[in-house]
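Below, each chain spelled out in residue letters.
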Amino acid sequence: MVNVTASVYATQNQYDSAYAVQSAYPPKSVDLLNVLRQNGFTTFVDLIVKAGLVETFSAKRPFVVLAPTNEAFAAIDPAILAALLKDIYLLRDILRYHLVLFRELCSLVSSIFVELPMNTALGEVVRFNVYRNKGPSFATEDIATANGVPLLRAIPTGKSIIYPIEKVLNPQDVSPNNTAINFLRSNKDFSIFLSVLEVLGITENYFKVRPKTTFVPTNAAFKALPPGVLDSIFADPDKLVLLLNTHVASGTFYTAGLIDGPLTVLVGIQVDIDVTPYGITVGNAEIIEPDITVSDGVVHVISSVIQAQETCLNRPY
C-alpha cells in the first residue's frame, strides 16, 4: 500500500488496471537511466545528463518517472527549446518535475480513486487523475493522466515505475498562483466571463473548495448572443448565477476522460458531451482550447455560451 497523505479525492484501495504493476518488485538494484534509454527515451536521458541530474535520478528510493517521449521534446517550440537548453537551472526544474517521490513501493495509478496530487523532486505538485468505467460521459476503461496528459503504459523498473507521456509537463501548471481566476485575468478575451465572477463577488476560494471543471466562453461567444440577452443577464443576479453554474462541473474532467453522454453541471442539469474524431462539444458549445491545467481544476475554452433554461432557478435542490 502507498504510505502517502492523500486528498479526499484519493484512496489507497487497489483496482485492476492496465496501469497497475503487480505486487513484488525485483529486489535487485536497477539502473533507471539505462532502462529509460533502452525503452527509447534517449532525449530525456541526454538532458538528464546535460543538467547534471544523474545522481538525482539514480537515488536508491522508489520513484515514479513521467518520461516524455523523444517526440514530446521535438514538439516543443524551437525557440523555447533553445532557451531551455541555455538555462541549466530552468532545465533542471523541468526535468525534476517529472520525477515523483514516494516513501514506499507503489503502483500509483491502481491506488488512485479519482484524483491524487503528489510532490515531485522539484517541490511542485503534479496532479494524477484516473477515469474508470462509470457509464456515460466517463471513460469506458481505465484512463490515467498527469496534469491532463495521458499515461501511455506502466514500465516496472526495480523499485520504481516509468510512465511514458507524449508531452513535456510545465511545473507551473498546478502552482498555487495559477488559479482559474488568474488564468482569466491574464487573457483579455475572457473578460466578460471574468466580469460574471466579479459581479457575483466570486474569489479563488469558490474554486479551491473542490477541484472544478470550468467551460469558459470567449468574449466573441458572449457577443454572439441575441441583442439584449447579455445585458439582461448582467441586470439579474439570479441569471448570472445560472450562467456561471451552467459552465462549471464538480471534479477535474480532462478531455482524455470524456466520452459521449450527459455531464452534470453545478446548476443541477445535465449537458450532453459529444466526442467525435473532429473534437468535443459540451451542449451547444465546441471545446476550442482544451485541458488548460490550473491549480483548482481544469479549464476548457468553448466557442459558445452553454444554454440553460431559467426554470432551473426554481429547482428545490
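Cut-off values and rules
Residues numbered from 1 in each chain as written. Predicted model: local features only at pLDDT ≥ 70, side-chain atom pairs only at ≥ 80, totals over all residues. Heavy atoms only, no water. Helix = DSSP H or I, 4+ residues; strand = E, 2+ residues; numbered from the N terminus. Buried < 20%, exposed > 50% of the residue type's maximum accessible area, 1.4 Å probe, protein only. Contact = heavy atoms within 4.5 Å. Areas by Shrake-Rupley, 256 points an atom, 1.4 Å probe, with all protein chains shown as cover. 1 Å grid on protein atoms, 1.4 Å probe; cavity = no way out; pocket = protein on both sides within 12 Å on 5 of 7 lines; lining within 4 Å. Points joined across faces, edges and corners; volume = space filled by probe spheres on them. Nonpolar A, V, L, I, M, F, W, Y, C, P; charged D, E, K, R; others polar. Axes fitted to C-alpha atoms, helices over the stretch in contact; angles between N-to-C directions. Parallel < 35°, antiparallel > 145°, perpendicular 65-115°, else oblique. Left-handed = near helix turned anticlockwise from the far one by under 90°.

(A) Quick look at the overall build of the protein. If you tally the helices and strands in the protein, you get 12 helices and 15 strands. Counting only residues that meet the buried cut, the protein has 48% of its 317 residues in that class. For the protein, restricting intrachain contacts to residue pairs at least 6 apart in sequence, the fraction spanning at least 24 positions comes to 65%. A total of about 15100 Å² of accessible surface is found on the protein, and carbon and sulfur atoms cover 53% of it.

(B) View of the layout of surface pockets. By volume, the largest pocket is sized at about 600 Å³. Around the largest pocket sit 26 residues that line it, and Lys167, Val168, Leu169, Asn170 and Asp173 are the ones nearest its centre. It is strand β14 (residues 285–294) that contributes the most residues to the lining of the largest pocket, 4 residues altogether. The class makeup of the residues in the lining of the largest pocket is 16 nonpolar, 5 polar and 5 charged.

(C) Layout of the packing of helix α2 (residues 42–50) against helix α6 (residues 88–96). Between α2 and α6, the shortest axis-to-axis distance is 10 Å and the interhelical angle comes to 130°. In terms of their interaxial angle, α2 and α6 are classed as oblique. Between α2 and α6 the crossing geometry is left-handed. Contact residues: α2 offers Phe44, Leu47, Ile48 and Lys50, while α6 offers Ile88, Leu91 and Leu95. Grouping the constituent residues of the contact of α2 with α6 by class yields 6 nonpolar, no polar and 1 charged.

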